[in-house]
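Coordinate analysis (summary)
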Amino acid sequence: MAKILIPTPLRQYTDKKDTVEVGGATVGELLNALTTEHPDLRRHLFNDEGKLRSFVNVYLNDEDIRYLSKDKTEVGATDTLTIVPSIAGGSLV
Amino acid sequence: MIRIEQAAWDLMVAHAERTFPNECCGAMLGKVDGVDKTVTEAVAIENAFTGEQGARYEIRPEDLIAADKAARSRGLDLVGIFHSHPDCDAYFSKTDLENSCPWYSFVVLSIKGGKFDHANSFLPDPDQTRAEPEPVQFPGS
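Below you will find a few notes about this structure.

What counts and what doesn't
- Residues numbered from 1 in each chain as written.
- Chains lettered and ligands numbered in written order.
- Predicted model: local features only at pLDDT ≥ 70, side-chain atom pairs only at ≥ 80, totals over all residues.
- Heavy atoms only, no water.
- Helix = DSSP H or I, 4+ residues; strand = E, 2+ residues; numbered from the N terminus.
- Rg over C-alpha atoms; globule rule 2.2 N^0.38 Å.
- Buried < 20%, exposed > 50% of the residue type's maximum accessible area, 1.4 Å probe, protein only.
- Contact = heavy atoms within 4.5 Å.
- Disulfide = S-S within 2.5 Å.
- Lys, Arg positive; Asp, Glu negative; His and termini not counted.
- Salt bridge = Lys/Arg side-chain N within 4 Å of Asp/Glu carboxyl O.
- Polar contact = N/O pair within 3.5 Å; in protein donor to acceptor, adjacent residues only side chain to side chain.

For the rest of this paragraph, the subject is the overall build of chain B. The secondary structure content of chain B amounts to 3 helices and 9 strands. Listing every helix and strand of chain B by position from the N terminus yields β-α-β-β-β-α-β-α-β-β-β-β. For chain B, the C-alpha radius of gyration of 14 Å lies close to 14 Å, the compact-globule estimate for 141 residues. With respect to the principal axes defined by its C-alpha atoms, chain B has extents near 35 × 35 × 30 Å. Counting all 141 residues of chain B, 52% fall into the buried class. Partitioning the contacts of chain B with sequence separation of at least 6, the portion at a separation of at least 24 is 63%.

Okay, structure coming up:
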């Protein structure tokens, strides 16, 4: 079972758990297992087309899965997935 | 409502004034109780925007992960993000909205002539189309 670290504002959808352990061989399988176990989480991570929302990044241990094999990235039982948003901005109107 | 305690506020203002005339950014750590948030610590984060930083900021995901780990290690939550608007008001711009995330409070500090002027907090929606003002309380407000 790999660990998924849940950001504070999303813990209201995971029974207040800050870490969820789910089974799966790839990042995609883990995220699917996570949102099957906690269905209210799905709309916060995925858009209507079922793709990760534009501001959602997923890290496997310390690496961005976009630079690995994305949702097909293989995951071991001792690995940790972190869900982290992209954040930027500025006064430019 | 988001309430920012003195030590966190002092760091946020000092960071924003020190980086003037560029924008600064950082994370706010504390506790969440329903819609009420209390910020007890702030963490300055390097502005990673690669162009002119007078009107833009960017936070590396790795730095946000580090802030989240720091919060977890002390039994705190990552409750929000702060950044500055040098020589303009503390509004939530189109750039802020299009690059935001609906999960956190976003506190904007207006820095005019290198000194703190005022601040506001916002809650962006999931579609990044609008941000609701959030009542904010900080020392001196």
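Read on, since the account is not over.
Moving on: the state of the cysteines. Per the counting criterion, the structure on display carries 0 disulfides over all chains. Not part of a disulfide, Cys-24 of chain B finds its nearest cysteine sulfur in Cys-25 of chain B, a span of 6.6 Å.

Quick look at the side chain of Arg-56 of chain B now. Of note, Arg-56 of chain B is situated in the loop between strand 3 (36–45) and strand 4 (57–59). An unpaired buried charge is present at Arg-56 of chain B: no salt bridge exists, and Glu-58 of chain B, the closest side chain of opposite charge, is 5.7 Å distant. In terms of polar contacts, Arg-56 of chain B uses its side chain to reach the backbone carbonyl oxygen of Gly-89 of chain A, at 3.0 Å. Not counting residues within four places of it along the chain, the set of residues in contact with Arg-56 of chain B comprises Gly-89, Gly-90 and Leu-92 of chain A together with Glu-23, Asn-47, Phe-49, Thr-95 and Asn-99 of chain B.

The tally for this structure, following the rule as stated, stands at 14 salt bridges over all chains. Notably, a salt bridge pairs Arg-3 of chain B with Glu-5 of chain B, separated by 3.5 Å at the nearest N-O pair. Salt bridges sharing partners connect three or more residues here, namely Asp-18 of chain A together with Asp-68 and Arg-72 of chain B.

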